[in-house]
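Working through the structure, step by step
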Amino acid sequence: MSGDDELLSNGQQTLILSEDASETTIYGFRDDLTVYELAQSGDIPDPDDLFEWTTFGPTGLLTMDDQGNTYVGVPVAG
Amino acid sequence: MNSLSLPTPAPDGNGWTVVGRSRGWLAFQETSEDDSPDGQSEIATIDTSHSADGLRWKAGGQIKWDGSGIDVMNLVEGPSGLLAYDFEGTVCGSVSGFDLPVAMSADGISWKSIDDPAAFAQGGIQNISGGSAGYIATGLAGVWTSTDGMSWRHAALTGKAFKGLDGIENGVAFADGYVIAGQTYGPETGGCGEGPTLLTPSLWWSADGGAWTRDTLSGAIPGAEAWMDVYRLNDHLLLAGESNPGGSGASWASSDGRTRGNRS
């Protein structure tokens, strides 16, 4: 992890949110605690437009942009 | 990801903060600041909203705090329910200006403000963690644990386990108790053995917040600016990471808070 990374937990699982100027990368933990990058698809929000919170709940990630659009990211196996 | 526009009362972008938990989401927004009846302080009103799926929202109860500028960004779950706090908020009457606005809820709908808990009256609390064993608060003023979120027990960081203690960085609660992370002086010294004693990244475990034992870590590298943080990945798995400009940045995993596998 770097200083700009954030751990997101829903109490049951934990993800790493890694943000830089151009993109947000999300990592999960394998059972042996090595990390892997989650592939993202669909309407991926621009990091510049997001509010300061991105949160992890029981069905996935939730975040919102400054236009009032809510983004839901659902982890998919495989 | 998919973009959606949610109907009210879903939180919009106007000051709402949304926080996830194991059984849904909660949203918080400070809606007003009013003078207290005696005119000596301000009372902040926080609206709450809750959702099981992040899409359909219902309004919850309000939180009243003596203070202003509240932005609930943190939520932990423990045996008595949810504990929400804003460690950057300022509560009126604070000795240090850094007391912690805290509220509890058993169901995520009704909230009870914890007014000036004695444990936090000294200020300096910066982090709270929750797990099935209870809650733990850590900060500049020390370490407290609680099984119900209302009554807090101060941890005496004394004795052999805490010999050379320099500071505590943070702590976590989980199924097997509590783990705190920090740094101790010694045994190594810097400056060819004559300079200041180096700091060793360190971890401690306790089943109940009363008796603590120091973990034995293989590979922790002492340094002039070394410390340890601990993270709760879930109720049965912890990850501790060393920060040391001259070290390896090693991390350790543990399922019981005592035995640790070095993962890097």
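What comes next concerns the included structure. The model shown is predicted, which means the values in this text are computed figures rather than measured ones.

Reports of interface size often rely on the accessible area that becomes lost once the parts have come together. Each partner contributes to the interface: chain B provides 36 residues, whereas chain A provides 33 residues. In total, chain B and chain A occlude about 2,600 Å² of area from one another, counting both sides; carbon and sulfur atoms represent 59% of this. On inspection of chain B and its partner chain A, the count reaches zero salt bridges. Taken together, chain B and chain A are joined by four residue pairs in polar contact (both at pLDDT 80 or more). When contributions to the side of chain B that touches chain A are tallied by element, the ones reaching two or more residues are strand 1 (2–4), strand 2 (17–21), strand 3 (24–35), strand 20 (227–234) and strand 21 (237–243) of chain B. In terms of residue count, the dominant contributor to the side of chain B that touches chain A is strand 2 of chain B (five residues). Split into classes, the residues belonging to the side of chain B that touches chain A amount to 17 nonpolar, ten polar and nine charged.

With that settled, consider the pairing of strand 17 (residues 177–189) of chain B. Across a regular strand the side chains alternate sides, sitting on one face of the sheet and then on the other. All names here are of chain B. Sheet topology note: the strand 16 (residues 165–174)/strand 17 ladder contains eight bridges and is antiparallel. Bridge assignment links Ile 168 to a residue of strand 17, and that residue is Gly 182. As paired strands, strand 17 and strand 18 (residues 197–206) are joined by nine bridges and run antiparallel to one another. Across the sheet, Tyr 178 pairs through a bridge with Ser 206, a residue of strand 18.

Here we come to the side chain of Asn 244 of chain B. All names here are of chain B. Mapped onto the fold, Asn 244 is located in the loop between strand 21 and strand 22 (251–254). For Asn 244, a relative accessible area of 12% translates into the label buried. Of note is the side chain of Asn 244, whose polar atom sits 2.5 Å from the backbone oxygen of Ile 221. A polar contact of 3.5 Å, which involves the side chain of Asn 244, links it to the backbone oxygen of Pro 222.

Residue and element names in this part refer to chain B. A full pass over the atoms with the stated rule returns three salt bridges over all chains. Two residues, Arg 56 and Asp 53, come together in a salt bridge whose shortest N-O distance is 2.4 Å. Look at Asp 53 and you get buried, because its relative accessible area is 16%. Arg 258 is the salt-bridge partner of Asp 176, the closest N and O atoms lying 2.9 Å from each other.

What follows covers the sheet that holds strand 4 (residues 35–37) of chain A. Residues and elements named next belong to chain A. With antiparallel pairing, the four strands of this open sheet are ordered in space as 1-2-3-4. Strands with a single pairing partner mark the edges of an open sheet, and in this sheet they are strand 1 (5–9) and strand 4. Adjacent strand axes in the sheet meet at a mean angle of 30°, parallel and antiparallel pairs treated alike. The pairing of strand 2 (residues 14–19) with strand 3 (residues 24–29) spans five bridges and is classified as antiparallel. Paired with Ile 16 across the strands is Tyr 27, a residue of strand 3.

The subject of this paragraph is the packing of aromatic side chains. All names here are of chain B. Applying the stated criterion across every chain, the model contains three aromatic pairs over all chains. Ring centres of Phe 28 and Trp 111 lie 5.5 Å apart, and the angle between their planes is 70°; on these two criteria the pair is classed as edge-to-face. Here the residue Phe 28 occupies a position in strand 3, and Trp 111 occupies one in the loop between strand 10 (102–105) and strand 11 (112–114), the gap between them amounting to 83 residues. Taking 5.1 Å as the distance between ring centres and 20° as the angle between the ring planes, the aromatic pair formed by Phe 162 and Trp 204 counts as stacked. Taken together, the residues Phe 162 in the loop between strand 15 (153–154) and strand 16 and Trp 204 in strand 18 connect sequence positions 42 residues apart. Summarising the burial analysis for this pair, Phe 162 and Trp 204 share the class buried. When the ring centre of Trp 205 is taken as reference, the NZ or CZ atom of Arg 258 above it lies at 4.0 Å.

Rules used throughout
- Residues numbered from 1 in each chain as written.
- Chains lettered and ligands numbered in written order.
- Predicted model: local features only at pLDDT ≥ 70, side-chain atom pairs only at ≥ 80, totals over all residues.
- Heavy atoms only, no water.
- Contact = heavy atoms within 4.5 Å.
- Buried area = accessible area lost by both parts, 1.4 Å probe.
- Salt bridge = Lys/Arg side-chain N within 4 Å of Asp/Glu carboxyl O.
- Polar contact = N/O pair within 3.5 Å; in protein donor to acceptor, adjacent residues only side chain to side chain.
- Helix = DSSP H or I, 4+ residues; strand = E, 2+ residues; numbered from the N terminus.
- Nonpolar A, V, L, I, M, F, W, Y, C, P; charged D, E, K, R; others polar.
- Pairing = 2+ DSSP bridges.
- Buried < 20%, exposed > 50% of the residue type's maximum accessible area, 1.4 Å probe, protein only.
- Axes fitted to C-alpha atoms, helices over the stretch in contact; angles between N-to-C directions.
- Phe/Tyr/Trp six-rings, centres within 6.5 Å; stacked < 30°, edge-to-face > 60°.
- Lys NZ or Arg CZ within 6 Å of the ring centre and 35° of its normal.

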